[in-house]
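# Residue-level structural notes
The lines below spell out each chain.
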Amino acid sequence: MASAIVRFRNLLRLNPAFKRSFSSAEQEAGISMKGVKISGRPLYLDMQATSPVDPRVLDSMLPYFVSQYGNPHSRTHLYGWESDEAVEAARAQVANLINASPK
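For the structure given in this document, a descriptive report is provided here. No experiment lies behind these values; they were computed from the predicted model shown.

Basis of the calculations
- Residues numbered from 1 in each chain as written.
- Predicted model: local features only at pLDDT ≥ 70, side-chain atom pairs only at ≥ 80, totals over all residues.
- Heavy atoms only, no water.
- Helix = DSSP H or I, 4+ residues; strand = E, 2+ residues; numbered from the N terminus.
- Buried < 20%, exposed > 50% of the residue type's maximum accessible area, 1.4 Å probe, protein only.
- Areas by Shrake-Rupley, 256 points an atom, 1.4 Å probe, with all protein chains shown as cover.
- Salt bridge = Lys/Arg side-chain N within 4 Å of Asp/Glu carboxyl O.

Before going further, it helps to examine the overall build of the chain. Secondary structure summary: the chain contains four helices and two strands in total. Its helices and strands in sequence order give the chain the pattern α-α-β-β-α-α, from N to C terminus. Relative to its full complement of 103 residues, the chain shows a buried share of 12%. Carbon and sulfur atoms make up 59% of the accessible area of the chain, which totals about 8,700 Å².

So this is what it looks like as structure tokens:
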């Protein structure tokens, strides 16, 4: 879990676009919405648009977001082979958890 956080922080340093919209000082001070002072960040309820990622998932997926990306259906090159292998390994892990066949 710590390795995902360290890698994510490094990614933030390399790419300013990934930085959060509120600084830590702004989060502590709170915000004002329509004249109402709110301490901290407001509760986010639109989980269809985006949702928080468990640090264990981030740790597993970060290589595929940053360096090992590829289309698993493109089986004529290294990127596709690596992605296909990762998808099949994930499929097997999930199947094992629910006692099902991976196919």
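Counted under the stated rule, the structure contains four salt bridges. Here Asp54 and Arg56 are joined by a salt bridge, their closest N and O atoms 2.8 Å apart. Take Asp54: its relative accessible area is 30%, and that puts it in the partly exposed class. Residue Arg56 is classed as exposed on the basis of its relative accessible area, which comes to 59%. Note that Lys103 is salt-bridged to Glu88, the shortest N-O span being 3.1 Å. With Lys103 in the segment after α4 (78–97) and Glu88 in helix α4, this pair connects stretches of sequence that are 15 residues apart. The class for Lys103 is exposed, based on a relative accessible area of 76%.

Function cannot be read off these values alone, since they describe shape.
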